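Here is what each chain is made of, one letter per residue.
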Amino acid sequence: MADTAILSHFHKKQAWMASHINAAQFPTAESKQGLAIYQTAESLPALPGKEDSSSLVEGITVYAVDCHPLMVRYAKTLAMKWPEPDQALMLEFLSQLSLTDLDPAPGTDITLYVAMSEGTPVATGMVFTSEEETGSVAGIYDVFGVNEDAKRAVLAHVFTSTSADTIVRETA
């Protein structure tokens, strides 16, 4: 896959994440700070390695975020990925995400996932798919688990949920 396609894909994902703050009528100072922290932590995705071929984990169910209660769980869980001093700012930023308020760019599709164990959110993941000149690229981002089993469960689910021509994954 051409590096230019991966770079184009990554820029589209970055623009979508930023649009929730940049297009907001009254963004808070905290949500702007959270966006800056998020952007600092991002790195160009790469083709996944063998360690990414995870398997399903018993007792953990993964849901596509399709309603406000799941979005809240997604934001609260993903915010835990950052050090304690940054978590409140990350929650402020992530709580601004919406799959319905802003139309994604043409040729893109975004699905957020939250994994639950016994009713408690334990992991998150995102599949951001974009159409590039060389075909579809699905990026797996914002993978976080409160433990390795939870992380492995969400990774297994997101990898099997896409049929893109190329799959890339955040490296951080």
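Residues numbered from 1 in each chain as written. Predicted model: local features only at pLDDT ≥ 70, side-chain atom pairs only at ≥ 80, totals over all residues. Heavy atoms only, no water.

*Asks:* Explain the pairing of strand S5 (residues 166-169) here, please?
*Replies:* Residues in a regular strand project their side chains so that they alternate between the two faces of the sheet. What you see with S5 is no split at all: Thr-166 and Val-168 on one side and Ile-167 and Arg-169 on the other are buried throughout. By the bridge criterion, four bridges tie strand S4 (residues 135-145) to S5 in an arrangement that is parallel. Paired with Ala-138 across the strands is Ile-167, a residue of S5. A crossover links S4 with its parallel partner S5, the connecting element being helix H5 (residues 148-160), and its sense is right-handed. (Buried < 20%, exposed > 50% of the residue type's maximum accessible area, 1.4 Å probe, protein only. Helix = DSSP H or I, 4+ residues; strand = E, 2+ residues; numbered from the N terminus. Pairing = 2+ DSSP bridges. Right-handed = clockwise from strand over helix to strand, strands pointing away.)

*Asks:* Before we go on, may I ask you to explain the packing of helix H2 (residues 29-41) against helix H4 (residues 84-94) in this structure?
*Replies:* Between two packed helices, both the angle of their axes relative to each other and the distance between the axes serve to describe the pair. It is at 7 Å that the axes of H2 and H4 come closest, and there the two elements cross at 105°. One element, H2, and the other, H4, form an angle in the roughly perpendicular class. Residues Glu-30, Ser-31, Gln-33, Gly-34, Leu-35, Ile-37 and Tyr-38 of H2 touch H4, and the partners they reach there are Asp-86, Leu-89, Met-90, Glu-92 and Phe-93. (Axes fitted to C-alpha atoms, helices over the stretch in contact; angles between N-to-C directions. Parallel < 35°, antiparallel > 145°, perpendicular 65-115°, else oblique. Contact = heavy atoms within 4.5 Å.)

*Asks:* Explanation requested: the packing of helix H1 (residues 3-22) against H2 in the structure shown.
*Replies:* Two elements in contact, H1 and H2, have axes separated by 10 Å at closest approach and are oriented at 170°. The orientation of H1 with respect to H2, classified from their angle, is roughly antiparallel. Of the two possible hands of crossing, H1 and H2 adopt the one that is left-handed. Here Lys-13, Met-17, Ala-18, Ile-21 and Asn-22 of H1 lie close against H2, whose contacting residues are Ser-31, Lys-32, Leu-35, Tyr-38 and Gln-39. Of the residues in the contact of H1 with H2, the class split is five nonpolar, three polar and two charged. (Left-handed = near helix turned anticlockwise from the far one by under 90°. Nonpolar A, V, L, I, M, F, W, Y, C, P; charged D, E, K, R; others polar.)

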